[in-house]
Amino acid sequence: MIKYIASVTTCLALAACAWSQTQKDTIFCYHTNTPVTVDGQANEECWGAAVWHPIDQVWIPYGATMKEGDFAGRFKVAWDEQYLYVLVEVIDDSLSDDHADPLLNWWDDDCLELFIDEDRSKGDHERNCNAFAYHVSLFYDAVDLNSSGQGINYKDNIEVDMDTIGEDTYLWEFAIKIYSAAFDPGNPEASRVTLTHDKKMGLAIAYCDNDETTARENFIGSMYMTSAHANDMYKNADYFGLMILVDPDYANSLADVTRQAMVNIFPVPAQNYLTVETYSASQTVNVISLTTITGQVIRNEYFTGNSHTVDIEDLEVGMYLLKAKLGDSFWSQVVVKK
Ligand SMILES: [Ca+2]
Ligand SMILES: [Ca+2]
Ligand SMILES: [Ca+2]
Ligand SMILES: [Ca+2]
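Everything numeric here is computed off the predicted structure, so don't read it as measured data.

J.: I keep staring at the overall build of the chain and nothing clicks. Help me out?
T.: On a plain count of helices and strands, the chain comes out with 2 helices and 21 strands. A burial count over the chain gives 33% of its 338 residues as buried.

Structure representation (structure tokens):
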């Protein structure tokens, strides 16, 4: 059993390494069993396993090319039940904050913007909490618009630490509390959301780069935007990317799973084919069941022998459960179609 778990972990890690994506695609955010320590250091196992996503779309001025060293950025994500964790690496040749009052022209100081739509409802969020646009300053203020269109500092909603890790290179580490649209700054806990496997969220990340002047010089984000909507993220969640929370151990916690089977299912994620393999030639699988996460059967396949390939080319991108039956034992695993 221990050998099998190690094998699954290795498989996931290898798959993650070989698989890079831009945020034009769905982002799969993997669960961490150990909470992240917010200290600007990426020592956690989850950061080692996660893939980088680029922050490389210049929204202002639209389509501009950033000069070498002016700005570069990329990010990783992870989650547990309490927090969404975000790690952002930023290269910026000049850190600048010209407005001492955090509620004054916050976008005209260097800041990281975290766009979060808890339930991926999309839609307007300019003066409501349908989604958040946290502008996180060098002093860790987290400013968004309130219901009157004024700045409000939501710094209690996030934990953040930024550390210098090289020349002009900074690592921002966040633990972000997630709230529903019912968020009330007077009673935040009432709308706090516990994160769960297969949850779909809206996410984008951007940087307001201000070096020489007292106004925003460049705005660079993680999503491709059309020029007509290049600066719409702060008020409209339609353009946030899709992020799906994945707990690779999810299937192991299902009550109907017995753990005697020695089955390897790979790759995770997979695009066209999944291979199901038993470790021993004498163990033969005879039924494979591919289901939705909620258990609706998509396909059953029957075979003998110790290796079988399942065609998943026609499936929609997302998560599924693959259940393999050996005699009267089952093995289930979450599989991801990309
Ligand atoms: Ca850390
Ligand atoms: Ca710069
Ligand atoms: Ca929402
Ligand atoms: Ca700057």
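J.: Explain the nonpolar core to me, please; I cannot follow it from the model alone.
T.: Taken as a class, soluble globular proteins show a tendency for nonpolar side chains to be buried jointly. Membership of the largest hydrophobic core comes to 76 residues, with the highest contact counts inside it found for Val-77, Tyr-85, Val-86, Phe-115 and Ile-176. Per-element tally for this core: the top contributor is strand β12 (residues 200–209), with 7 residues. Formed jointly, this core draws a minimum of three residues from each of two domains, domain 1 (2–246) and domain 2 (250–337). Ignoring sequence-local partners within four residues, the contact set of Tyr-85 consists of Thr-32, Val-36, Val-77, Ala-78, Trp-79, Phe-174 and Ala-175.

J.: Honestly, the sheet that holds strand β15 (residues 263–266) in this entry has me stumped. Any pointers?
T.: Reading across the sheet, the 3 strands line up as β15-β16-β19 and stay open at both edges, with antiparallel pairing between neighbours. With partners counted over all chains shown, the strands left at the sheet margins are β15 and β19 (307–311), one partner each. Here the average twist between neighbouring strands, direction ignored, is 15°. Bridge count for β15 against strand β16 (residues 273–278) is 4 bridges, and the pairing is antiparallel. In the sheet register, Phe-266 faces β16, and the bridge partner there is Thr-275.

J.: Explanation requested: the environment of Ser-191 in the structure shown.
T.: Here Ser-191 lies in the loop between β11 (169–176) and β12. Judged by local crowding, Ser-191 falls into the partly exposed class, with 16 C-beta atoms found within 10 Å. Along the primary structure Ser-191 and Tyr-179 are separated by 12 residues, whereas in three dimensions their C-alpha atoms are 5.3 Å apart. Dropping the residues within four chain positions of it, Ser-191 is found in contact with Tyr-179, Ser-180, Ala-182, Phe-183 and Asp-184.

J.: In this structure, what is going on with unusual backbone geometry? I would like to understand it.
T.: Note on backbone geometry: most residues besides glycine have negative phi, and most peptide bonds are trans. Residues Ile-60 and Pro-61 are joined by a peptide bond in cis, for which omega reads -15°. Tracing the chain through its elements places Pro-61 in the loop between β3 (57–60) and β4 (71–79). In this structure, the amide linkage connecting Phe-266 to the following residue, Pro-267, adopts the cis form with an omega of -5°. As for its placement among the helices and strands, Pro-267 is situated in the loop between β15 and β16. The phi torsion at Arg-120 lies on the positive side, around 50°, for a residue other than glycine. Residue position: Arg-120 is located in the loop between β6 (111–117) and β7 (132–137). In this model, Lys-122 sits at a positive phi of 65°, which is unusual for a non-glycine residue. Its place among the elements puts Lys-122 in the loop between β6 and β7.

The rules behind the values
- Residues numbered from 1 in each chain as written.
- Chains lettered and ligands numbered in written order.
- Predicted model: local features only at pLDDT ≥ 70, side-chain atom pairs only at ≥ 80, totals over all residues.
- Helix = DSSP H or I, 4+ residues; strand = E, 2+ residues; numbered from the N terminus.
- Buried ≥ 20, exposed ≤ 12 C-beta atoms within 10 Å, placed from the backbone.
- Core = buried A, V, L, I, M, F, W, Y, C linked by C-beta atoms within 7 Å.
- Domains from an automatic or database assignment.
- Contact = placed C-beta atoms within 7 Å.
- Pairing = 2+ DSSP bridges.
- Axes fitted to C-alpha atoms, helices over the stretch in contact; angles between N-to-C directions.

Keep in mind that these numbers describe shape and distance, not what the molecule does.
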